[in-house]
Structure formats: C-alpha cells, structure tokens
Amino acid sequence: MLCEVLYTCPMKQLITAKLKLHTDPAQFAALRTTQLAYRDALNYVSRYSFARGKKSNQQWLQHETYAAMRALYHLPAQMACNVPRQVGATYKTLWTKVKQNNAARKAGITKKRYKGLDQPPKYASPTLTYNYHRDFSLKPDQQVSILTLDGRVVVCYTGYEQHLALMQHGAHIGAAKLWYDKPRKQFYLLVTLELEVPAPTPETHQHVVGVDVGQRYLAVTAQLNNGASFYSGKQSRAKADHYARLRKRLQQKGTRSATRRLIVLSGRERRLKQDRNHQISRAIVDQHPHSVIGLEDLANIRERTKRTHGKHATKKQRRANRHASKWAFAELHSYLAYKAMLTGSMAVKVDAHYTSQACPMCGHTCLDNRPKSGLLFVCQSCHYTLHADLIGARNVALRTLLTRQDWMSTGVLSVRPDVSSDEAKAARRQRYAELRWSPDTSPAL
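It should be emphasised that the depicted structure is a prediction, and the values quoted were computed from it without experimental measurement. (Residues numbered from 1 in each chain as written. Predicted model: local features only at pLDDT ≥ 70, side-chain atom pairs only at ≥ 80, totals over all residues. Heavy atoms only, no water.)

Asker: Outline the overall build of the chain, listing residues and values.
Answerer: The helix and strand tally for the chain stands at 11 helices and 16 strands. Seen through its principal axes, the chain has C-alpha atoms that stretch 75 × 55 × 40 Å. Contacts in the chain between residues at least 24 apart in sequence constitute 67% of all its contacts with a sequence separation of at least 6. Within the structure as shown, the chain displays about 24,900 Å² of accessible surface, and the carbon and sulfur contribution to it stands at 52%. (Helix = DSSP H or I, 4+ residues; strand = E, 2+ residues; numbered from the N terminus. Contact = heavy atoms within 4.5 Å. Areas by Shrake-Rupley, 256 points an atom, 1.4 Å probe, with all protein chains shown as cover.)

Asker: Please set out the packing of aromatic side chains residue by residue, giving values where relevant.
Answerer: Scanning the model with the defined rule gives 10 aromatic pairs in all. With a centroid separation of 6.4 Å and 40° between ring planes, the pair formed by Tyr44 and Tyr48 is classed as tilted. Residue Tyr44 and its partner Tyr48 are both found in helix H1 (residues 25-51); the two are separated by four residues, about one turn of the helix. Accessibility classification places Tyr44 together with Tyr48 in one group, the buried group. Measuring from ring centre to ring centre gives 6.0 Å for Tyr48 and Trp60, while their planes differ by 40°; the resulting arrangement is tilted. In this pair, Tyr48 sits in helix H1 while Trp60 sits in helix H2 (residues 58-73), placing the two residues 12 residues apart along the sequence. Residue Tyr48 is classed as buried on the basis of its relative accessible area of 14%. (Phe/Tyr/Trp six-rings, centres within 6.5 Å; stacked < 30°, edge-to-face > 60°. Buried < 20%, exposed > 50% of the residue type's maximum accessible area, 1.4 Å probe, protein only.)

Asker: Which residues make up the side chain of Asp351, and what values go with them?
Answerer: Residue position: Asp351 is located in strand S13 (residues 346-351). Polar side-chain contacts of Asp351 include one of 2.9 Å to the side chain of Arg428. Contact partners of Asp351, with chain neighbours within four places excluded, come to Arg399, Pro417, Arg428, Arg429 and Tyr432. (Polar contact = N/O pair within 3.5 Å; in protein donor to acceptor, adjacent residues only side chain to side chain.)

Asker: Quick one: what's the story with the side chain of Ser345, residue by residue and with numbers?
Answerer: Following the sequence through the fold, Ser345 ends up in the loop between helix H9 (329-342) and S13. Apart from residues lying up to four places away in sequence, Ser345 is in contact with His205, His288, Pro289, His290, Ser291, Ile293 and Ala340.

Asker: How would you explain the sheet that holds strand S11 (residues 228-232) if you had to name every residue and give the values?
Answerer: Strand order in the open sheet made by the five strands is S11-S10-S9-S12-S13, with mixed pairing throughout. Because the sheet does not close on itself, it has two edges, and the strands there are S11 and S13. Each neighbouring strand pair of the sheet contributes to a mean axis angle of 25°, computed without reference to strand direction. Taken together, the five bridges between strand S10 (residues 217-223) and S11 define a ladder with antiparallel strand orientation. Bridge pairing links Val220 to Phe230 in S11. Contacts between helix H10 (residues 388-410) and the sheet are confined to strand S9 (207-213), S10, S11, strand S12 (291-297) and S13, with S9 contributing the most and set at about 140° to the helix. (Pairing = 2+ DSSP bridges. Axes fitted to C-alpha atoms, helices over the stretch in contact; angles between N-to-C directions.)

Asker: Run through helix H5 (residues 234-253), naming residues and quoting values.
Answerer: With 20 residues, H5 ought to run about 28 Å at 1.5 Å a step, and its terminal C-alpha atoms sit 29 Å apart, in line with that. Buried residues of H5: Ser236, Ala240, Asp241, Tyr243, Ala244, Leu246, Arg247 and Leu250, and no others. Directly after H5, the chain includes Gly254, whose backbone phi takes a positive value near 75°. (Expected span 1.5 Å × (residues − 1).)

Asker: Break down the state of the cysteines for me, with residues and values.
Answerer: Applying the stated criterion across every chain, the model contains zero disulfides. Note on Cys366: no disulfide assigned, nearest cysteine sulfur contributed by Cys379 at a separation of 7.1 Å. (Disulfide = S-S within 2.5 Å.)

This is the structure:
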C-alpha cells in the first residue's frame, strides 16, 4: 500500500524530556524497590506465557496473572495492568522475527534458525512505565508525584530549560519511564511530550537536499545548486574498531570481571554512536532550514546486498561486514526526521535502488562505475568523474525533487516509496532513470 499523507492539518511530533530526580534516602529506596518488583513481575509473566504456548495475547495474560502479581509483588493496579501489555508486546515482536526467519530460510537467504523463543524472554533492565495522571503527575515548583509500592512520593526535579518550558506551556504530556543510572545511582524520569508543528506545504519547503550515508563518510549532503557537505566517520570508526578488538579479547577471557567490563564497554560504544549521530543530524538540519530532506530507504538492505560471510570471508571482508552492520544509520535517519520537523523542515524516504552506481549526468548504471568499490565514481559511458558518496547524495536529491514535484501537482506527499507491487517499483525506477543532474532542475525560488 502506498504510504501517502495529505497535509491539511497540523502535524504531531513526539519528543522525550529527561527529568533528573533529586531524591532523599527514603524516596530513593521506595523507587528502587518499586522498580525491582516491577521487573520481577515482568519475568514472572514472561515465564507464565512461555509455559503455556508462548502466548502474546495481552488481555489473556492480564486475566490469568493479574491477581498473582498483586499478591506476590504488591503492585498497584495500574502497574499490574502495564506488565502483561509489555510482555505481550515482547512476545509479539519475537513471533514476528520467527516468521521473518522462516521466510528467509525458505528463500535461501540464511540457514540459521532464530532462537529468540527457545527460552522465555528475561527482563534485566528495571525501567518502569508510568501513566500520566494515574501513576505520576506534575506539581508546582518543579515537583513530581510518583507512585511507589508504599504510596506516592513527591520529588523535586530539574531538566533541559526548553523541555521544561514546553511542559508548562502547551505540550501534551504522555507516558513516562522511570530509568535508573546504576553507575551514578541516579533516577531519571523520561517523559513523552507531544508537540503540534505547522503543516508543511510546497510553498514553505522549496529547497531540496539529498543525504547519502556510508562508512568512510557517515553522511554526505547534496543540494541542487551543486552545494555539498561531508561528515567524516574516520575518528568514530577508529574508536568503534578499538572497542571491537577490546570486546573480542574480553569475550575470549570469559571471566565475571570481563563480563562486567563488557557491559560498561557496550554503553560507552552506544553513547559514542548516539553523540555522533546527534551532531551530524543537528548540523544538517541547521544548515538547511525549510527544506525537503531526502533519505535512502534502507529497509532490508542487508538482505539485498551481496557480501561474503562466515568461513569463506577474508579478514578484510569480515571487518567490512562489521562496519556495515554496526553503525546505527536507522538512528541517524530518525534523528534527522524529528529534528527536521521541529525546525520547519521535513524528511522523506526515497528508493535506494542503485543510487551509488547510477550516473546522474547520463543515467548509465553499472557496477563498473565504481572501480573496486572505491571512493571514485567514473561513468563508463560519459566518463563523468566525481566522489562516489557525492554521486549517491545527488541521486537521492534528484529523487527527492521528483517527490516534491509530485507533491506540488497532486497535493499528496509520499513519505515512503511504494514497496507492495513489483509493477509500481518498476514504474518508479523507470522515472528515476530519466532524471539528469542539471542547474535547470532547481526550482524557481
């Protein structure tokens, strides 16, 4: 089904406000006890579902386990209702992965069997979900009332000034999560805020930007006036390689202290990627206000690309596979999407079909246009030569321009390419093959 959105009303955007809770010893103990009881209840319901056919029906789980959770873990009513919902959602996700794995095995894409349902899912994180006005509520003077096993506690909080201003003026407050930072022994309340942003129109979004993601350069942007920006990934990838080598040595050691060190290392690597993705997305959004930002649709990219795996792969190929699979490009796209919407721009997905092999000047597409899959693009037909990542960004920009032109003529914006029909994909790719990079393609501003 073609995912089309007709923008006739204000759009809504979700963001998360991180509130630091300033607790006294008694409040700290009450929150910690509540978190651990909630986690134990999650594991209890998970084992119960696993023993009875790995069911994911949330209503059935609540009917079967509600009384036991109240008796065993002394959870309040609303928390006891949240636990089966979370467990049911987990099992539903695992069953979806099992079905996808079965389809991939039948198609010959993989021989490995998905083992996510061989054992009951175990919840290790004590993160606790709260509902607004039921489990927590905001008080004057930057105080929040939070439900615990022993009743409500009123805690002072601090946070980012802009988020606090949004909470006080106009933002719709949703559910929250109580998160515990174990190394610092600090509680945070992660509150969901729903904001209304003005509806975009072709008149307010006249500029077009294409974004290509990769390994040597984490992101490359291209504008229709031949402007470009490169965001290097050399330092980030060097640190990621260092973490990979250290992780391999710790896994081989296998001691308890090595396992603890691995947990610390995983958090450090995750924060490295998040920080770099935040920096890149913020730079792109600030540099291109009121623009339509085109992103490649990278869904199922690993299955579509041919790479050598396992025993047949060389050391260099295994390193390249790790680089391609470890960096969080979906996270970068999500950061770009929500930051663009908050700053008056918008992000759309375009087909990533042959963006790095198609010549934007003559349209010739072949694998030999990138000799040895390097950084140099050399068209075998017209001999046009340019940086390969910039070629990809220009092709994305052209396809985004085509999406914007359809938006101007029909009033309907396709925020994601149609992937449900082979005929639709063939027709769309035929239109892409007719695009050419020229100053004449720039819209009249």
